[in-house]
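Examining the three-dimensional arrangement
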Amino acid sequence: MPIMSVAKLNNALDRADRYAPHLRLLMQRHPQVRDHLAAGNLDAALACHTRAADADKPVGEALRDAKGALALAVAIGDLAGLLPLEQVTGLLSDFADLALDRAIKCAITEYRPGADPIGLAAIALGKHGSRELNYSSDIDPILIFEPRALPCRDRDEPVEAAVRIGRRVVELMQARTEHGYVFRIDLRLRPTPEVTPIVMPVEAAISYYESQALAWERAAFIRARACAGDASLGQYFTQALRPFVWRRGLDFGAIREIRSISHRIRDHYAQGQAFGPGFDLKRGRGGIRECEFFAQIHQLIHGGRDPALRVPATMEALDALALAGHIQVEEATTLSEAYRLYRRIEHRLQMVDDQQTHSLPKHEDALDTVAALDGAGDGAALLEMLRPHIMAVSALYDGLDGAAQSALPQQEEGLDIALRAAGFSDPAPARQRIQHWRSGTVRAVRTPAAREALESVLPKLIEGLGHAPDPLLAINQFSTIVERLPSAINLFRLLEARPGLLAMLADILCHAPTLAEQLGQRPAMLDRLIDASAFDPPGSVEDIAGQLRGGETLEDQLDHVRRLVGEMRFALGVQLVSGARDPLDVASGYARIAEAAIQVVTDATLAEYERSHGKIPDGELVILALGRMGGAELTHASDLDLIYLFTGDFTRESDGAKPLGAVHYFNRLSQRVTNGLSVATAAGPLYDIDTRLRPSGSDGPLAVSLDGFARYQSEEAWTWEHMALTRARPVYGSPKARAATQAIIDDVLRRPRDTARLIADAAKMRADMATHKPPKGPLDVKLASGGLVDLEFLTHVTQLRTGAGLTPILAEAISDLAAKGFVSSDMPAAHALLTRMLVAVRLMAPSLAEPPLTTRPVIARACGLADWDSLLAELARTRQSVAREWGRISTTGDEYHAE
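Scope of this entry: the structure provided in the associated data block. Treat the numbers as computed from the prediction; the structure is a model and nothing was measured.

About the cut-offs
Residues numbered from 1 in each chain as written. Predicted model: local features only at pLDDT ≥ 70, side-chain atom pairs only at ≥ 80, totals over all residues. Heavy atoms only, no water. Helix = DSSP H or I, 4+ residues; strand = E, 2+ residues; numbered from the N terminus. Expected span 1.5 Å × (residues − 1). Bend = angle between axes of the 7 residues up to and from the residue. Buried < 20%, exposed > 50% of the residue type's maximum accessible area, 1.4 Å probe, protein only. Axes fitted to C-alpha atoms, helices over the stretch in contact; angles between N-to-C directions. Parallel < 35°, antiparallel > 145°, perpendicular 65-115°, else oblique. Contact = heavy atoms within 4.5 Å. Nonpolar A, V, L, I, M, F, W, Y, C, P; charged D, E, K, R; others polar. Left-handed = near helix turned anticlockwise from the far one by under 90°. Pairing = 2+ DSSP bridges. Phe/Tyr/Trp six-rings, centres within 6.5 Å; stacked < 30°, edge-to-face > 60°. Right-handed = clockwise from strand over helix to strand, strands pointing away.

Thoughts on helix H21 (residues 448–466)
Along its 19 residues, H21 runs 26 Å from first to last C-alpha, staying within 8% of the 27 Å computed at 1.5 Å per residue. At Leu 458, H21 is bent by approximately 50°, the largest bend along its length, and proline Pro 459 sits one to four residues beyond. Considered for burial, the residues of H21 that qualify are Ala 450, Ala 453, Leu 454, Ser 456, Val 457, Leu 458, Lys 460, Leu 461, Ile 462, Gly 464, Leu 465 and Gly 466.

Some thoughts on the packing of helix H17 (residues 364–374) against helix H18 (residues 379–398)
Put simply, H17 and H18 touch, their axes get as near as 7 Å, and they point 70° apart. Classified by the angle their axes make, H17 and H18 are roughly perpendicular. Mapping the contact onto sequence places Leu 367, Asp 368, Val 370, Ala 371 and Asp 374 in H17 and Gly 379, Leu 382, Leu 383 and Met 385 in H18. Taken together, the residues that form the contact of H17 with H18 break down as six nonpolar, one polar and two charged.

Notes on the packing of helix H22 (residues 471–484) against helix H25 (residues 513–521)
A pair of packed helices is captured by two measures, namely the crossing angle of their axes and the spacing between those axes. Packing of H22 against H25 leaves a shortest axis separation of 8 Å and a crossing angle of 30°. Compared by their axis directions, H22 and H25 come out roughly parallel. Along this stretch, H22 crosses H25, giving a crossing that reads as right-handed. Listed contacts from H25 to Gln 477, Ile 481 and Arg 484 of H22 are Pro 513, Ala 516, Glu 517, Leu 519 and Gly 520. For the contact of H22 with H25, the class distribution of residues is four nonpolar, two polar and two charged.

Notes on the sheet that holds strand S4 (residues 225–229)
Sheet architecture is open: four strands sit in the order S3-S2-S1-S4, paired in mixed fashion. Whereas interior strands pair on both sides, the edge strands pair on one side only; in this sheet they are strand S3 (199–201) and S4. Looking at each pair of strands side by side, their axes are set apart by 35° on average, direction ignored. As paired strands, strand S1 (residues 120–124) and strand S2 (residues 142–145) are joined by four bridges and run antiparallel to one another. Bridging across to S2, Ala 121 finds its partner in Ile 144. Contacting S1 and S4, helix H6 (residues 85–111) crosses the sheet at an angle of about 45° to S4. Along the sheet, helix H8 (residues 158–174) makes contact with S1, S2 and S3, crossing S2 at roughly 145°.

Side note on the packing of aromatic side chains
Applying the stated rule across the entire model yields twelve aromatic pairs. Each ring, one from Tyr 208 and one from Tyr 209, has its centre 5.1 Å from the other, and the planes form 80°; the classification is edge-to-face. Each member of the pair Tyr 208 and Tyr 209 is classed as buried. Taken together, the ring pairs connect Tyr 208, Tyr 209, Phe 221 and Phe 237 into an aromatic cluster.

Observations concerning unusual backbone geometry
Notably, Asp 354 is not glycine yet its phi reads approximately 55°, a positive angle. Tracing the chain through its elements places Asp 354 in the loop between helix H16 (329–353) and H17.

Describing the pairing of S2
Residue alternation in S2 divides its side chains into two sets, Ile 142 and Ile 144 and Leu 143 and Phe 145, and both sets are buried. With three bridges joining them, S2 and S3 adopt parallel strand pairing. Note that in S3 the partner of Ile 144 across the bridge is Met 200. Running through H8, the crossover from S2 to the neighbouring parallel element S3 is right-handed.

Pasting the structure below:
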């Protein structure tokens with residue numbers, strides 16, 4: 001041990017002897033620990049408590065001796081500055097685990113000698129749960145038991161046995177004897193402690209938390225862990241409660257409740273709020289509790305989506321939140337430095353007389369004693385050391401409330417003033433909407449809690465919707481959402497807690513009726529926009545598939561996929577409306593999400609299917625995407641064109657308990673995959689699936705063998721089917737099966753063709769389509785003359801005629817054909833404009849009629865044009881160019897030659 005450390009330990013021993021009666025008593029009781037410390041051997045001093053705990057003595061006595069030895073060694077190491085806060089609290093917390101575990105095992109063995117000590121577990125909460133126990137902490141465990149496993153006397157019911165054992169555990173831990181006590185135990189954090197037994201059946205506890213728990217209890221379980229007793233039982237309980245604590249769609253009432261608790265604490269301990277002698281370091285404004293609540297509030301907001309934030313310790317949580325970008329690094333540093341100082345001084349307060357106190361002494365002499373024990377000089381110096389941290393933490397925590405809001409005037413005149421100030425040129429219609437919500441006739445706002453939530457958010461709501469491009473449209477759309485909900489509490493609280501979402505909501509309500517309708521059905525989707533990551537482009541198909549996997553049963557998996565896909569598509573739509581993402585990138589993102597969903601749903605369906613029917617030897621399912629899905633460019637409203645194929649011998653039979661022939665096997669499997677992708681569940685719909693492009697169309701089987709597919713394409717397929725095949729892309733199957741499928745496609749597409757027949761067939765088909773499927777509105781850039789269908793036809797005819805540009809990605813195909821002189825050099829730009837407009841219009845003007853005036857510049861911006869008139873002019877030029885090019889190809893088939 002370095003000489004400097006020896007000096008520090010002896011200095012700490014001297015201060016403890018002079019200023020801390022409790023530590024002086026421990027030095028007398030544990031001379032061996034004192035001697036090790038005096039010799040500079042901190043490690044040996046810390047090891048003394050392990051030997052004491054293992055001594056051949058009654059459990060209660062051994063634990064008390066061990067606690068005293070540890071308390072002395074930790075205190076002196078702390079005072080000497082040789083043990084960081086994390087190690088101090090970790091040593092105390094680990095000993096609490098050990099002591100509680102031995103007390104449980106002893107109590108069970110005493111109750112039922114010879115029985116295995118199983119069936120009862122302790123769940124640590126609070127600072128014990130986060131391994132942050134302070135020097136004189138009590139512990140707040142929840143004791144649970146499994147009635148089928150707990151040893152029980154013949155005459156006792158399991159709950160009686162559990163209560164007897166629980167009482168003995170408490171006695172072993174907290175009864176004061178000549179050896180002191182181990183830990184004070186507070187069991188009041190269990191569900192409804194006034195009526196429940198001190199040890200609860202595990203399933204009853206889980207049921208309570210899933211159905212009746214209060215918001216503060218969810219926050220408390222951020223720091224919960226199984227700490228003692230039956231480890232498997234404890235882990236089962238904490239795993240079962242994970243969805244209760246970490247919710248993807250957060251009830252922002254939890255956040256509000258934590259803030260409310262904090263304000264009530266401030267009010268209740270008002271005398272301890274004024275900084276100075278008597279200040280409550282734990283509950284006072286800017287103190288320990290506010291550091292902890294600051295972290296927990298952000299954990300509850302973001303932890304449902306980011307498992308890295310689910311850490312129990314306060315400083316670790318602050319670091320994780322800063323690393324993830326949810327709070328500023330400077331905020332985390334400010335809070336952590338303050339927290340570390342507060343806890344250090346809190347420990348000094350408790351070392352003096354082993355009292356569970358958190359308040360600075362009111363009297364000057366006592367405050368000077370605490371300062372001297374810490375080595376901080378006198379009480380005045382201690383206060384000055386604390387003061388800037390108190391002020392900084394208080395300011396950060398107050399900032400969670402945002403700017404103070406004045407009460408919204410209740411009378412019509414005052415409400416009209418507020419509406420005009422916010423941007424409503426005619427306040428009367430908006431006032432009538434608000435009065436309708438307040439009337440009690442709207443189901444979603446009928447309860448007192450819902451009306452209270454409405455009034456709380458109303459000032460922010462009026463201001464946010466007032467800044468919308470069309471405030472009246474925005475409030476009317478918002479009212480439609482509210483009126484469709486069973487309860488609007490969560491929506492109101494979400495918007496109150498995250499006012500930044502109001503601007504996005506206003507854009508959605510004004511510009512994207514499809515997204516507004518989805519919000520009406522699932523307001524929790526707005527919750528996804530809390531995280532900045534919601535504006536990141538979707539990752540690779542593999543990355544997205546990894547997020548989509550989850551759920552123990554097939555039904556759980558299908559619900560999980562629908563929920564996440566809905567959220568991802570919603571986020572992409574918001575990116576498009578807000579101008580954060582090019583429509584071409586959005587279209588690609590939609591396609592990657594769909595491909596990942598196909599893979600995950602098919603995998604889950606296949607796994608369930610194989611449990612009954614087994615596998616076809618050497619056979620597997622292949623899914624071929626065509627149309628916009630094959631071309632990896634979807635709109636928000638796109639369906640998926642799919643063909644199901646299978647490899648192997650069609651005469652083989654599956655090897656499961658319920659064997660099926662290969663044809664029957666893969667057709668039934670394909671139908672189940674289709675259902676998995678298309679049938680609406682409790683989590684909503686997924687995709688519309690169109691399988692009519694399969695061989696023989698609706699008259700053919702749903703799934704055909706790869707050999708049959710090759711034969712059909714070679715011998716029976718029509719020209720339009722080969723045109724469709726130019727955008728075929730395998731999206732499911734092993735690499736080998738995909739390669740075999742692609743080889744068939746390549747072979748078919750590269751065959752020599754009768755050019756005249758090809759052109760005649762294509763021209764007739766396009767003319768028939770124009771007759772039977774005319775444009776649906778002035779913005780139907782797909783079906784209008786010179787629109788996307790004409791561009792696709794001219795591309796596919798050229799691909800089949802020349803054998804060039806054979807890629808399913810339409811933009812790449814057109815660029816290749818243009819570079820080789822087969823189509824006009826204007827066509828790549830035409831494709832980009834038409835596709836951007838298709839993607840934007842399908843989301844923001846789904847009726848394909850001209851959009852509202854306020855939405856037109858949003859669509860123009862998405863398409864890269866300055867304004868609506870410029871967009872229409874560029875669209876007209878583009879359509880003329882495409883129509884001219886299609887006319888040239890469909891009449892002569894000549895190659896393009898620049899003039």
